[in-house]
Amino acid sequence: MDYLFSYLILASIFVILGLSTNLLVGVVGIFSVSQAAIFGVGAYTVGYALSNDIMGFVPALALAAVVCLVLNVLITLPSLRVSGDYFVVTSFGIQLLATAAFTNWDAITGGASGMAGIPTADLFGLPIDTSLKTLILTACVACLACFAFRLVMRSPFGRLLMALREDELAVAAAGRQVLRAKVEAAALAGVFAGVAGGLYAVYLSFIDPSTFDLDASVLLLTMVVLGGARTLAGSIVGPFVVVALPQLLSLIDLPTAIAASARQGIYGVLLVAFMLFRPQGLMGRKI
Amino acid sequence: MASDQTYLSVKSMSKRFGGLQALNDCTFSIDSGKIICLVGPNGAGKTTIFNAITGFLKLDQGSVFFRGNGLTGIGPQKIVRAGIARTFQNLRLFGDLTALENVASAVPNQFGEEPLGALFRPIHTARSQRKTRETARGILEEVGLADQAEAFVRNLSYGEQKLLCIARVLATGAELLLLDEPTSGLSGDALEKVMVLLRRLRDEGRSQLVVEHNTRVVQQIADEVLFLHQGHLMAQGTPEAIMADPKLAEIYFGGAL
Ligand SMILES: Nc1ncnc2c1ncn2[C@@H]1O[C@H](COP(=O)(O)OP(=O)(O)OP(=O)(O)O)[C@@H](O)[C@H]1O
Ligand SMILES: [Mg+2]
């Protein structure tokens, strides 16, 4: 039972992250490989605020959202100047920088050994101290995020973002401000990632840099590719499948020594196979 | 409109790309309510003039005035709002959107075109969206694409895509349209359709600056012709006068063409 709870909680957290990545990479076409860094900033912000008893869970989550909003806008700004493929390199650098900061800024993050004993969440005095309560919380937030994604995609803002991915010049010729639209999309994606990070921190009560490294960013991309770009269904299915993979793999009796690398290998194979044979993913459209 | 104020006036426009002088001290002005054809051999600088007027290109020198207001140095968005909008020679339609959405994407002043409105006032957003779609549908009707409203761009014929470009630029509400080769690649009925449409739009008050290669089309639609060659504005006059000039005919037909 705990096993199932843990799967559902993680999957719903990754749904929020998947939406964030899908918005940026799938919808707007800003190919970021540093979304795990933003996720991490959200997690560390909430972890630090709660561990040091600076504020309650809800304000901490709001703070994480704001911090990640600002940060995601800042790290997305280079995409306005360097286009497409080149942005991947910039974003790669940002991810490495973030990992270095998580690992070395001991006073805040606890360094390589991580941050342990993060207190559980509470909602206005109601402690979220069981798996069931945590699941309800994360599922509700994930549903809210899905609803928000749907509203955005059906609004003129969503159409503007879709147009942006296809042709920035034509968007400008239609009298729209390309810069403003990109900043708004990055801001929204940042809020999603920050909230996901905060939920992750209070659920696991332990975070360390390895959760927010380049592998994690690639994992997020795998979810988007596998689920499919630009659709709500894809952003839900992708995380649910990818989060289940390690569990499924553990059913096969692999020696623990090779289990981790086998998992990485399978993610790699999946990425390549989907790009080659089903670029629209399980439920979505071509990235 | 006050007659002492020029509609669009371009003064000493120059642009150099590396070793190539794409525009060389071009000066001209046009009146409202007309179709002005911009002609000249390939590489003459026609598209560059469009890019410069619409704010997509920074000029080395020169200025643009629209109804007496300087447009130099302001971005494409503001220029669209000032009333000048353009199409692209290579279409640049949104292939993943439907014809209707392509047109809707250019309709100005939509509520919910930013996240806060879209998220926190969804009903208002939906209402505005419905209004936009109605407007867009009307424009599609105007260009004769009403039956293709829900079709994706990639499923439209080339002629329909050209019409859609015109529909999209109309949606901006701009009064002066800069159309870059709206008839290229068209023949027969499709060509006829575009010509009829452009003339009708002019009669409804939309001024147009049109890049056009086909001399027969120029004769049929142009009120006035601007002749551009190697970045120089060689002549401005009635289509008859321009066509009758042997020097221009030599450049146009005798050269590399
Ligand atoms: N961004 C650019 N960078 C470098 N050279 C350019 C650029 N844009 C245009 N040119 C060059 O400037 C010259 C004028 O180009 P332009 O596109 O304005 O010609 P055009 O009159 O529209 O020709 P066509 O009839 O082929 O469309 C060409 O030689 C072109 O190669
Ligand atoms: Mg051209």
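Keep in mind it's a predicted model, so treat the numbers as computed, not measured. Every chain is numbered independently, its residues counted from 1 as its sequence is written. As a convention, the first chain written is A and the first ligand written is 1, with the rest following in written order. Local features are withheld for residues below a pLDDT of 70 in this predicted model, meaning they are given only at 70 or higher, and side-chain atom pairs are given and counted only at 80 or more; totals for whole chains, interfaces and linings count all residues. Note: side-chain values were computed over all heavy atoms of the structure, leaving out hydrogens and water.

Moving on, we get to the pairing of strand S9 (residues 224-229) of chain B. Residue and element names in this part refer to chain B. With six of its six residues buried, S9 lies for the most part within the structure. The buried label goes to any residue with under 20% of its type's maximum accessible area, the exposed label to any with over 50%, and the partly exposed label to all in between, with areas taken from a 1.4 Å probe on protein chains only. Going along the chain from the N terminus, every DSSP run of H or I of four or more residues is numbered as a helix, and every run of E of two or more is numbered as a strand. Residues Glu224, Leu226 and Leu228 line one face of S9 and the alternating positions Val225, Phe227 and His229 line the opposite face, and both faces are buried. Pairs of strands are assigned from DSSP output, requiring at least two bridges between the strands. Relative to S9, strand S3 (residues 35-39) runs parallel, the two being bridged by four bridges. Bridging from a neighbouring strand, Val39 pairs with Phe227 of S9. Where S9 meets strand S10 (residues 232-237), five bridges bridge the pair, whose relative direction is antiparallel. For Val225, the partnering residue across the bridge sits in S10 and is Gly237. From the end of S9 to the start of S10, which pair antiparallel, there are two residues, and Gln230 there has a positive phi angle of about 45°.

Bringing the packing of helix H3 (residues 57-76) of chain A against helix H10 (residues 178-204) of chain A into the picture now. The description of two packed helices rests on the angle between their axes and on the distance between the axes. All names here are of chain A. Contact pair H3 / H10: the axes reach a minimum separation of 7 Å and the direction vectors enclose 140°. In this view, H3 runs oblique relative to H10, as classed from their interaxial angle. Regarding H3 and H10, the two cross each other, and that crossing is right-handed. On H10, the residues touching Phe57, Leu61, Ala64, Ala65, Cys68, Leu69, Asn72, Val73 and Thr76 of H3 are Val183, Ala186, Ala187, Ala189, Gly190, Val191, Gly194, Val195, Gly198, Leu199 and Val202. Here the term charged refers only to Asp, Glu, Lys and Arg, the term nonpolar to Ala, Val, Leu, Ile, Met, Phe, Trp, Tyr, Cys and Pro, and the term polar to all other amino acids, Gly among them. Among the residues making up the contact of H3 with H10, the classes are represented as 15 nonpolar, five polar and no charged. Every axis corresponds to a line fitted to the C-alpha atoms, with the helix fit spanning only the stretch in contact, and the corresponding angles, defined between N-to-C directions, vary from 0 to 180 degrees. In what follows, roughly perpendicular refers to angles from 65 to 115 degrees, roughly parallel to angles under 35, roughly antiparallel to angles over 145, and oblique to any angle outside these ranges. Should the near helix be turned counterclockwise from the far one by less than a right angle, the crossing is left-handed, whereas a clockwise turn marks it as right-handed. What makes two residues a contact is simply this: any of their non-hydrogen atoms within 4.5 Å.

This next bit is on the interface of chain A and chain B. Contact residues are listed per partner, giving 29 residues for chain A and 31 residues for chain B. Here's the idea: put two parts together, see how much 1.4 Å probe accessible area each one loses, and the total over both is what we call buried area. Where chain A abuts chain B, roughly 2,500 Å² becomes buried across the two surfaces, and 62% of that area is made up of carbon and sulfur atoms. Looking at the side of chain A facing chain B, the largest losses of area belong to Pro156, Arg159 and Arg176 of chain A, adding up to 26% of the total buried there. Should a side-chain nitrogen of Lys or Arg be within 4 Å of a carboxyl oxygen of Asp or Glu, the pair is scored as a salt bridge. Scanning the region where chain A abuts chain B turns up four salt bridges. Asp96 of chain B is the salt-bridge partner of Arg165 of chain A, the closest N and O atoms lying 3.0 Å from each other. Two N or O atoms count as a polar contact when they lie within 3.5 Å, although within protein this holds only if one can serve as hydrogen donor and the other as acceptor, and sequence-adjacent residues are included solely when both atoms are side-chain atoms. Our enumeration of links across chain A and chain B arrives at 13 residue pairs in polar contact (both at pLDDT 80 or more). Every element with two or more residues in the side of chain A that touches chain B is listed here: helix H7 (131-154), helix H8 (156-166), helix H9 (168-173) and H10 of chain A. At eight residues, the largest contribution of residues to the side of chain A that touches chain B is made by H8 of chain A. Considering only residue class, the side of chain A that touches chain B consists of 16 nonpolar, three polar and ten charged.

Below, the discussion takes up the coordination of the magnesium ion (ligand 2). Residue and element names in this part refer to chain B. Those donors, Thr47 (OG1) and Gln89 (OE1), are the protein atoms that reach the magnesium ion (ligand 2), and they lie 1.9 to 2.2 Å from it. With a gap of 42 residues between them, Thr47 in helix H1 (residues 46-53) and Gln89 in the loop between strand S6 (84-86) and helix H3 (99-104) connect regions that are remote in the sequence. Accessibility expressed as a relative area gives 25% for Thr47, which makes it partly exposed. On the basis of relative accessible area, Gln89 is assigned to the partly exposed category, the value being 36%. Donor atoms (N, O, S) are those found within 2.8 Å of the metal centre, with the cutoff raised to 3.2 Å for Na, K and Ca; water is not part of the atom list, so apparent gaps in a site can occur.

Turning our eyes to something else, we now look at helix H1 (residues 2-28) of chain A. Residues and elements named next belong to chain A. In a regular helix each residue adds 1.5 Å, so 27 residues correspond to 39 Å; H1 covers 38 Å between its end C-alpha atoms and thus fits that length. Note on bend: at a given residue it equals the angle between the axes fitted to the 7 residues ending there and to the 7 starting there. Asn22 marks where H1 bends most, by close to 40°. Counting buried residues along H1, 22 of its 27 residues qualify, which places the element largely inside the surrounding structure. Phi turns positive one or two residues past the end of H1, at Gly29, with a value near 80°. An expected span of 1.5 Å times one less than the residue number is assigned to each helix.

Residues enter a nonpolar core if they are buried and are Ala, Val, Leu, Ile, Met, Phe, Trp, Tyr or Cys, with the set joined through side-chain atoms within 4.5 Å. Counting 97 residues, the largest nonpolar core has Phe57, Leu161 and Ile207 of chain A as its most contacted members. Sequence-distant contacts of Phe57 of chain A, that is, excluding residues within four places in its chain, are made with Val46, Leu50, Ala121, Asp122, Leu123, Leu137, Gly198, Leu199 and Val202 of chain A. In terms of nonpolar packing, the next biggest core, distinct from the first, is built from 52 residues, Val103, Val153, Val169 and Leu179 of chain B among them.

All names here are of chain A. Direction vectors running N to C along H7 and helix H12 (residues 232-251) enclose 150°, while the axes themselves pass 10 Å from each other. In terms of orientation, H7 lies roughly antiparallel with respect to H12. Contacts from Cys146, Phe149 and Arg150 of H7 reach H12 at Leu232, Ser235 and Ile236. A breakdown of the residues in the contact of H7 with H12 according to their chemical character gives four nonpolar, one polar and one charged.

What follows deals with the site of ligand 1. Residues and elements named next belong to chain B. Looking at ligand 1, there are 13 residues lining it, with Gly43, Lys46, Thr47, Thr48 and Gln89 nearest. Here an oxygen atom of ligand 1 sits 2.9 Å away from a polar atom, N or O, in the main chain of Gly43. Gly45 places a polar main-chain atom, nitrogen or oxygen, 2.9 Å from an oxygen atom of ligand 1. For ligand 1, whose unbound accessible area comes to 630 Å², protein coverage reaches 61%. Mapped onto the shell around ligand 1, the elements with two or more residues apiece are strand S2 (20-30) and H1. Ranked by the residues each element gives to the shell around ligand 1, the list is headed by H1, at three residues. If a single non-hydrogen atom of a residue is within 4 Å of a molecule or strand, that residue counts as near it. For every accessible area listed, the method is Shrake-Rupley and the probe measures 1.4 Å; residues are considered covered only by the protein chains on display.

The next point concerns the pattern of salt bridges. Residues and elements named next belong to chain A. One pass over the structure, following the stated rule, counts 15 salt bridges over all chains. A salt bridge links Lys133 to Asp129, with the shortest nitrogen-to-oxygen separation between them at 3.2 Å. For Asp129, a relative accessible area of 46% puts it in the partly exposed group. Glu168 is the partner of Lys182 in a salt bridge, and the nearest nitrogen-oxygen pair spans 2.8 Å.

Keep in mind that these numbers describe shape and distance, not what the molecule does.
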